[in-house]
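Examination of the molecular architecture
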Amino acid sequence: MPEPTLEIAAAAAALRAGRLVGMPTETVYGLAANALDVRAVLAIFAAKGRPSFDPLIVHVADAAQAWTVARPSARARRLAQQCWPGPLTLVLPRLPTIPDVVTSGLETVGVRCPDHPLALALIRAAGLPLAAPSANRFGRISPTTAAHVREQLADAVAVVLDGGPCRIGIESTVLLPDPAPIILRPGGLTREALEAILGEPVAVADRMARDASLAMPAPGLLASHYAPVIPLTLKGAGQAWPEGDGLAYLSWRGHGLPAGATRVEILSQRGDLTEAAAGLFAAMRRLDASGARAMVAESVPDVALGLGINDRLRRAAGLG
Ligand code: TXA
Ligand code: MG
């Protein structure tokens, strides 16, 4: 293991002292705390304004560390071996090492090994599993740069490690692997890739099923998520863009935009879903800050990373 840099060492010391750290990952930035320290984990919920019934993901440096907090099945071992480090969170039976606050009292815990050198170095230097939700205020747009983290959570963190813009740009895929694999949240690892690895179909949970699996007290409560401050509506497929002063447009490829529209973000002119995911949240933030009174967004094709992008757009529009 290489020597941790001074910055990593300081961040690791802060974590061991129960403080919070802004941690870059390949998906989005996380707000990290020692997953074994109840008070530190409670500080995450307080800093985000996050309801205590929404469980946190535990980040580990490798599969061996994951199996100190969760019990793997054969399928989980296989996925961990093939997909980690990477944008896959496995929901597995928890071990008693993990405090109730992390899992919101569920008997399962979400674990993932992030594919980012700074995150891995931090977890190793701290010598701890790290609970980390996305480092945004609850319900707001997830951060894909260190500056985004500081904008919303500067007061809550001891340090923000700057790993540059996140490579993938949307959160990890949350998968319940057993008894049959089902995606609870589409994200950075595609359903197609999971099916190829497992050699079996992988289902995608609808909202209600997902809320039921989490035993949420109020299904639908979390429908508004990843939301800008100004209202966002989703343009129907085949519909024309609405026109009007003060509208901001979040476009897939730049097709059919109203003449003279000034506040425009194009996710990928060449129709590349990887590029679209990487730029999605930053584009939403720019339009949010553009002075527009409302935002109109367009769905992308519902395949590969498009599943995760469309999920974020629907939630941002309050549609769940
Ligand atoms: O890419 C990511 O996953 C980022 C980075 C920081 O790793 N983290 C992230 O965390 O997106 P958060 O807290 O914003 O989203 C975690 C999601 C939530 O939808 C939560 O309900 C779900 O994972 N989750 C966590 N533990 C779960 C469990 N035991 N059962 C079902 N869902 C769970
Ligand atoms: Mg989040």
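Residues numbered from 1 in each chain as written. Chains lettered and ligands numbered in written order. Predicted model: local features only at pLDDT ≥ 70, side-chain atom pairs only at ≥ 80, totals over all residues. Heavy atoms only, no water.

So, the confidence of the model for the protein chain
Low pLDDT marks stretches whose predicted atomic positions should not be read closely. As a reminder of what qualifies: pLDDT measures the predictor's confidence residue by residue and takes values from 0 up to 100. Note on contacts: a residue pair is in contact if any heavy atoms of the two residues lie within 4.5 Å.
Counting all residues, the mean pLDDT for the protein chain is 93, and 94% of those residues have values of 70 or more. Here residues 216-221 is modelled with pLDDT under 50, and outside its nearest four sequence neighbours on either side it reaches ten contacts, counting other chains as well.

Here we look at the packing of helix H1 (residues 6-16) against helix H6 (residues 117-126)
The description of two packed helices rests on the angle between their axes and on the distance between the axes. Rules: Helix axes are fitted to C-alpha atoms over the stretch in contact, other axes to C-alpha atoms as well, and angles between N-to-C directions run from 0 to 180 degrees. Labels follow the DSSP assignment, with helices taken as runs of H or I lasting at least four residues and strands as runs of E lasting at least two, numbered in each case from the N terminus. Here is the rule for angles: anything less than 35 degrees is roughly parallel, anything more than 145 is roughly antiparallel, 65 through 115 is roughly perpendicular, and the remaining ranges are oblique. Handedness of a crossing follows from how the near helix is turned relative to the far one, being left-handed for an anticlockwise turn of less than a right angle and right-handed for a clockwise one. Gly is placed with the polar residues, together with every amino acid not listed as nonpolar (Ala, Val, Leu, Ile, Met, Phe, Trp, Tyr, Cys and Pro) or charged (Asp, Glu, Lys and Arg).
In contact at an axis separation of 9 Å, H1 and H6 are set at 55° when each is read in the N-to-C sense. Classified by the interaxial angle, the pair formed by H1 and H6 is oblique. The element H1 and its partner H6 pack so that their crossing is right-handed. Here Ile8, Ala11, Ala12, Leu15 and Arg16 of H1 lie close against H6, whose contacting residues are Leu118, Ala121, Leu122, Ala125 and Ala126. Residue composition of the contact of H1 with H6, grouped by class: nine nonpolar, no polar and one charged.

Observations regarding the sheet that holds strand E5 (residues 108-112)
Working definition: the strands of a sheet are paired by backbone hydrogen bonds and lie parallel or antiparallel to each other. For clarity, the threshold we go by: By the convention used here, strands pair only if DSSP detects at least 2 bridges between them.
Strand order across the open sheet formed by ten strands is E7-E1-E2-E6-E3-E5-E4-E8-E9-E10, with mixed pairing between neighbours. Strands at the two margins of the open sheet, each flanked by one partner only, are strand E7 (159-160) and strand E10 (203-204). Pairing of strand E8 (residues 173-176) with strand E9 (residues 182-185), which is carried by three bridges, proceeds in the antiparallel orientation. Bridged to Leu176 within E9 is Ile182.

Things to note about the environment of Val149
So the rule is basically this: Burial classification: accessible surface area is computed with a 1.4 Å probe over protein chains only, and a residue below 20% of its type maximum counts as buried, one above 50% as exposed, and the rest as partly exposed.
Residue placement: Val149 occurs in helix H7 (residues 146-153). A residue is classified by how much of its surface remains accessible, and Val149, at 0% relative accessible area, is buried. Each C-alpha atom of the pair Val149 and Val28 lies 10.0 Å from the other, and the pair is 121 residues apart in sequence. Those residues within four positions of Val149 in sequence are excluded, and the remaining contacts are Tyr29, Ala135, Pro143, Ala154 and Val160.

As for helix H4 (residues 74-83)
Just so we agree on the cut-off: By definition, the arc is the one covered by directions from the helix axis to the C-beta atoms.
What H4 keeps buried is the set Arg75, Ala76, Leu79, Ala80 and Cys83. Projected onto a plane normal to the axis of H4, the buried residues spread over an arc of 130° and lie on a single side. Facing away from the buried side of H4 by over 90 degrees, the exposed positions are Ala74 and Gln81. Those residues of H4 that are buried are in contact with helix H3 (63-66), strand E4 (88-93), E8 and helix H8 (191-198).

Digging into unusual backbone geometry
The residue after Trp84, namely Pro85, is reached through a cis peptide bond having omega -10°. Looking at where Pro85 falls in the secondary structure, it is placed in the loop between H4 and E4. Across the junction of Asp178 and Pro179, the peptide omega takes the value 5°, indicating a cis bond. With a phi close to 55°, Ser104 is a non-glycine residue in the positive phi region. Among the secondary structure elements, Ser104 is positioned in the loop between helix H5 (100-103) and E5. A positive phi angle, near 45°, is found at Ala304, a position not held by glycine. Judged by its relative accessible area of 27%, Ala304 falls in the partly exposed class.

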